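Chain and residue survey
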Amino acid sequence: MNQSQLNQGLLDFLKACPTPFHAVKTMAKQLLSHGFVRLYEKDEWNLQPGQRYFVTRNDSSIIAFDYGQGEPLSSGVRMLGAHTDSPCLKVKPQPDINKQGFYQLGVEKYGGMLLNPWFDRDLSMAGRVTYVNTAGEVCNALIDFERAVATVPSLAIHLDRKANDGRTVNVQTDMPIVLSMQEADTPENFRQLLLTQLTEQGDAARQVLDYEIYCYDTQPPALIGLKHEFIASARLDNLLSCYVGMQALIDADGKVPALLICTDHEEVGSASVAGAQGTFLNAVLARFCNTNTQLSQVTAQSMMISVDNAHGIHPNFTDKHDNNHGPLINKGPVIKINANQRYASNSETSALFRHLCEQQDIPVQSFVVRSDMGCGSTIGPIAATETGVKTLDIGVPSFAMHSIREMAGADDPFYLYGALKAFCELQQLPESSCV
Ligand SMILES: [Zn+2]
């Protein structure tokens, strides 16, 4: 795997995954093609050394692992974590709006999104639909309209002269998406529209019951910049980390147990059936052990690297960073540290990563938020709290986080890949206690 192969794979992955459901489906497909065996939580598992497996929850979270040559009990597990969801507009349950001859859908905000970049984009819709099929059974299917079927037009500056001076956006009134002109005698109905789409993609659906449908930008991911030094795409936060983590796990030598968890709902706090604060990871780790004592022994020897994008220093807004902690794009993964545990990194886990990067000749940077600003967070502290596994928070530096189109460096995914692969192959973690 070289840098251009990894980046091309990343661009394809970003395009194929407009929603967490599609991310899990795409990852499952790729894992299957690399010899991973699918497991189901409802079954008994008979895990074998040298084998690789994956399991999904809610179709939107996934855990993949290599059981290693030995036993988790003797070495612990090298874990990588990331999240499958990204901020976006989500279609409401009863979304149909007819106004001034237009057919529109009501939407709500999913996560802490930057709203302004969503205007004047060519939007499509995708997600999961639950329906009754022609045999009367209730089924789930993924759906993707693929082409641009909607938009949110801006108000012209002539009608809002203050548009460039601190304009506020009201999602309820300003952002219902516009789909078409409406014929008065045949009003559109969103469930009917989904039914037609299901039928077109070959599902024998009779009635759409419910759905989770998200809007997304149809502009494909791209390498941009004069020397192709940047990656521009929706959902870089955090599908970049999901993809790179998956490649690292696939390509690792498989000698020690290694695991990747990619969970949904990080952007809304991770407290859900499929989220990092749920039971998913502990339930899988418990399958590696026969007793609770063994589980404690495994977690004590394990470590997690939680990977989620960081804020690179922006040339137009340099004062938003601490002078000594402004990570540069294309200068390597960033160790994220916060005194108040908004990140789970501690001196031991960050030192181990620094050492690992040094050995691999990979540049490494660090980020601490300005002391007069609030700090974001991610799945690291949550996973550490839920599992008791020591954790490190890192990520590639990026711009425009939570915009409809974000930006990262074209060199950083490969640096990240090298570091994560080396971590998955780490035979022994340093002795923990010095007291
Ligand atoms: Zn994130």
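Residues numbered from 1 in each chain as written. Predicted model: local features only at pLDDT ≥ 70, side-chain atom pairs only at ≥ 80, totals over all residues. Heavy atoms only, no water.

1. Some details on the packing of helix α1 (residues 3-16) against helix α6 (residues 236-251)
The following threshold applies: Inter-axis angles, ranging from 0 to 180 degrees, are taken between N-to-C directions of lines fitted to C-alpha atoms, where helices are fitted over the stretch in contact. Elements are defined by DSSP. Helices are runs of H or I of four residues or more, strands are runs of E of two residues or more, and each kind is numbered from the N terminus. Here the word oblique covers every angle except those under 35 degrees (roughly parallel), over 145 (roughly antiparallel) and from 65 to 115 (roughly perpendicular). Left-handed describes a crossing whose near helix is turned anticlockwise from the far helix through less than a right angle; right-handed describes the clockwise counterpart. Whether two residues are in contact is decided by their heavy atoms: any pair within 4.5 Å suffices. Three classes are used, and their members are as follows: Ala, Val, Leu, Ile, Met, Phe, Trp, Tyr, Cys and Pro are nonpolar, Asp, Glu, Lys and Arg are charged, and the others, Gly among them, are polar.
It is at 10 Å that the axes of α1 and α6 come closest, and there the two elements cross at 130°. On the basis of the axis angle, α1 is oblique to α6. In this structure, α1 crosses over α6, and the sense of that crossing is right-handed. Contacts from Leu6, Gly9, Leu10, Phe13 and Leu14 in α1 reach Leu236, Leu239, Leu240, Cys242, Tyr243, Val244 and Gln247 in α6. Of the residues belonging to the contact of α1 with α6, the class tally is ten nonpolar, two polar and no charged.

2. Considering unusual backbone geometry
For the peptide bond that leads from Asp237 to Asn238, omega is 10°, which places it in the cis range. For Asn238, the location among the structural elements is in helix α6. Phi angles above zero are rare outside glycine, and His265 is one such case at about 70°. Tracing the backbone through its elements, the reader meets His265 in the loop between β13 (258-263) and α7 (280-286). Positioned with a positive phi, Asp361 is a non-glycine residue whose angle comes to about 60°. With respect to the helices and strands, the residue Asp361 is situated in the loop between α9 (347-360) and β17 (365-367).

3. Brief notes about the environment of Val55
With respect to the helices, strands and loops of the structure, Val55 is situated in strand β2 (residues 52-57). Separated by 92 residues in the primary sequence, Val55 and Arg147 place their C-alpha atoms 31 Å from one another. Contact partners of Val55, with chain neighbours within four places excluded, come to Leu39, Tyr40, Glu41, Trp45, Ser61, Ile62, Ile63, Phe280 and Val284.

4. With respect to the pairing of β2
The line we're drawing: With a 1.4 Å probe rolled over the protein chains alone, any residue whose accessible area is under 20% of its type maximum counts as buried; one over 50% counts as exposed, and the rest are partly exposed. One bridge is not enough; two strands pair if DSSP finds at least two bridges between them.
Taken across its six residues, β2 has six buried, putting it largely inside the fold. The two faces of β2 match: Arg52, Phe54 and Thr56 on one face and Tyr53, Val55 and Arg57 on the other face are all buried. Of the strand pairs in this sheet, strand β1 (residues 37-38) and β2 are connected by two bridges, and their pairing is parallel. Bridging across to β2, Val37 finds its partner in Tyr53.

5. Here's the deal with the packing of aromatic side chains
The relation between two aromatic rings is expressed through the spacing of the ring centres and the mutual angle of the planes. Operational definition: Aromatic pairing here means that ring centres of Phe, Tyr or Trp (its six-membered ring) are within 6.5 Å. Orientation follows from the plane angle: under 30 degrees is stacked, over 60 is edge-to-face, and everything else is tilted.
Following the criterion strictly, the structure yields eight aromatic pairs and no others. Consider the rings of Phe414 and Tyr417, whose centres lie 5.8 Å apart with planes at 20°: the pair is stacked. In this pair, Phe414 and Tyr417 are both assigned in helix α11 (residues 412-424), three residues apart and thus about one turn of the helix distant. On the basis of relative accessible area, Phe414 is assigned to the partly exposed category, the value being 27%.

6. Describing the sheet that holds β13
Pairing is mixed in the open sheet, where nine strands are placed in the order β1-β2-β3-β13-β4-β14-β18-β16-β17. The sheet is open, and its two borders are formed by β1 and β17, each paired with just one other strand. Here β2 runs beside strand β3 (residues 61-66); their pairing, made up of six bridges, is antiparallel. Counterpart to Phe54 in the pairing with β3 is Ala64. The strands touched by helix α2 (residues 20-33) within the sheet are β1, β2, β3 and β13, with β3 carrying the most contacts at an inclination of about 20°. Of the strands in this sheet, β2, β3, β4 (78-83), β13 and β14 (303-307) touch α6, which is tilted by about 155° from β4.

7. A short note on the nonpolar core
This is how the line gets drawn: Only buried Ala, Val, Leu, Ile, Met, Phe, Trp, Tyr and Cys residues count toward a nonpolar core, and they belong to the same one when joined by side-chain atoms within 4.5 Å.
Ile305, Ile394 and Leu420 are the most contacted members of the largest nonpolar core, which has 55 residues in total. Setting aside anything within four residues of it in sequence, one finds Ile394 in contact with Ile305, Ser306, Val307, Asp308, Val334, Ile335, Lys336, Phe353, Leu416 and Leu420. Counting residues in hydrophobic clusters, the runner-up holds 38 residues, among them Val91, Ala141, Val152 and Phe190.

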